[in-house]
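Residue-level structural notes
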Amino acid sequence: MNPGDRIRAEGPDRTVEGVYLPSSTPEHLVVKLDGGYNVGLDRESSTVEVIEPDVYDVAGEEPADESTSEIAYDDDLPTISLLSTGGTIASTVDYRTGAVTARFDAEDVLRAVPELAGRANYRGRVVSNILSENMEPAIWQDLARAVAEEIEAGADGVVIMHGTDTMQYTASALAFMLETPVPIVFTGSQRSADRPSSDNVMNAVCAVEAAKADCAEVLVCMHATESDDVCALHRGTRVRKNHTSRRDAFETVGASPLGAVAYETEDSPTATVTFDGEYVERGHANLSVDAALESDVDLLKFAPGMDPAFLDVAEGSAGLVIEGTGLGHVHTDLVPRIEALVDDGTTVVMTSQCLEGRVCDRVYDTGRDLLEAGVIEAGDTLPGTALVKLMWVLERESDADAVAAAMETSVAGELQDRSVPWT
Ligand code: ASP
């Protein structure tokens, strides 16, 4: 039995049929079911039968190195770097392992998504191979440096394949860390490549077209509707995954998306990029990367009945972002504890769990007390974005007034003068 074979595995509790995947733990047998999900069975107590060997012929092929690449470089096409970090979209690239391999080149890209052919010259690179719930600030830093190296090496645009769960955090991190002369476009997939409703091809094609376009910002490119007709281009610092499973899960909060990619599949797919509103144009900024972060920062959501001891987690921490209620509140009894944190040197920033609208702590007593206690208001910065921004700011500013001023000034479109809900 080899990875890539279709098997039937009979375990003590269940019988499953699907593709045999390699597993990092020898005691487990991992099977990718037809619905796209992986299940693990205890290898010793399972009986396995191979139904069809090597059902995925992408598997096992040694990727060619650059010197033997059969894909000719086309002078008339831009060069797009595709960086993979993992997530569901990575299983597009190698069905057998459910992930991309470390040697990930133009051939791999085109074998996985043939619809990308003729749109660009491709460079491929693997930065990590994880589900995005396992993402860490240290990988944001590796990714930012890898993106900068790709741009230095001549990429006209960068596409980052990423799990959808925490894509908004990574997009924010790169938006703060990088000044970029070219587009940096995140994309992912809500449904895996083996499902008829997979969004992987359309999202990848639209992301590549967005990376060739004029907006040199960090963007997220994902389905905008339930159909296969348009992807939205969201500013990385204002985007949020708002649905667990729908393909159009991502929305720009408090604004309209920056642009769209209209997609048609008659004959071969066409993808047309348009922008709406103000954005930073290609070539406007010089490349720079500053990936330093103070990662000792937490994000805490307040809820009625919350044990005040939850705040102890921030004792001695560099920073704490609170998702307060409404205009930016917590239970009155928590205010003295928050004041003690601030007095001890922890920067405390208030955001709102309402998501739409902005924090304004001048209206009610609790808010005024929080301001008195030294809490900084994050305006309409989204809570997750405020977390990443505070990590970035604390590495650059040490004086409390300077930290507050930085949190109250927009760096990468995360803080708007006016919040306008997207309708
Ligand atoms: N949990 C997965 C992740 O975020 C889902 C996905 O890939 O979209 O990596």
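Scroll up to find the structure.
These figures come from a predicted structure and were not determined experimentally. (Residues numbered from 1 in each chain as written. Predicted model: local features only at pLDDT ≥ 70, side-chain atom pairs only at ≥ 80, totals over all residues. Heavy atoms only, no water.)

This part takes up the environment of Val-289. Residue placement: Val-289 occurs in strand 17 (residues 288-289). With a relative accessible area of 38%, Val-289 lands in the partly exposed category. Between the alpha carbons of Val-289 and Gln-141 there is a distance of 9.6 Å; along the sequence they are 148 residues apart. When near neighbours in sequence (up to four residues on either side) are disregarded, Val-289 contacts Ala-144, Arg-145, Ala-148, Met-177 and Leu-178. (Helix = DSSP H or I, 4+ residues; strand = E, 2+ residues; numbered from the N terminus. Buried < 20%, exposed > 50% of the residue type's maximum accessible area, 1.4 Å probe, protein only. Contact = heavy atoms within 4.5 Å.)

All residues in the neighbourhood of the ligand are listed as Gly-87, Thr-88, Leu-131, Ser-132, Glu-133, Gly-163, Thr-164, Asp-165 and Ser-189. Contact between the ligand and Thr-88: an oxygen atom at 2.6 Å from a main-chain N or O atom of the residue. Thr-164 is positioned with one of its side-chain polar atoms (N or O) 2.5 Å from an oxygen atom of the ligand. Isolated, the ligand exposes 270 Å² of accessible area, and the fraction of that covered by the protein chains is 88%. (Near = heavy atom within 4 Å. Polar contact = N/O pair within 3.5 Å; in protein donor to acceptor, adjacent residues only side chain to side chain. Areas by Shrake-Rupley, 256 points an atom, 1.4 Å probe, with all protein chains shown as cover.)

What follows covers the environment of Ala-117. Here Ala-117 shows up in the loop between helix 1 (106-112) and strand 7 (121-126). In sequence terms Ala-117 and Val-205 are 88 residues apart; their C-alpha atoms lie 9.6 Å from each other.

If you walk across this open sheet you meet the 4 strands as 18-19-20-21, and the pairing is parallel. Edge positions in the sheet fall to strand 18 (297-301) and strand 21 (376-377), since each has one partner strand and no second. Where strand 19 (residues 319-324) lies against strand 20 (residues 347-352), 6 bridges are found, and the strand directions are parallel. Within strand 20, the residue paired with Gly-324 across the bridge is Ser-352. (Pairing = 2+ DSSP bridges.)

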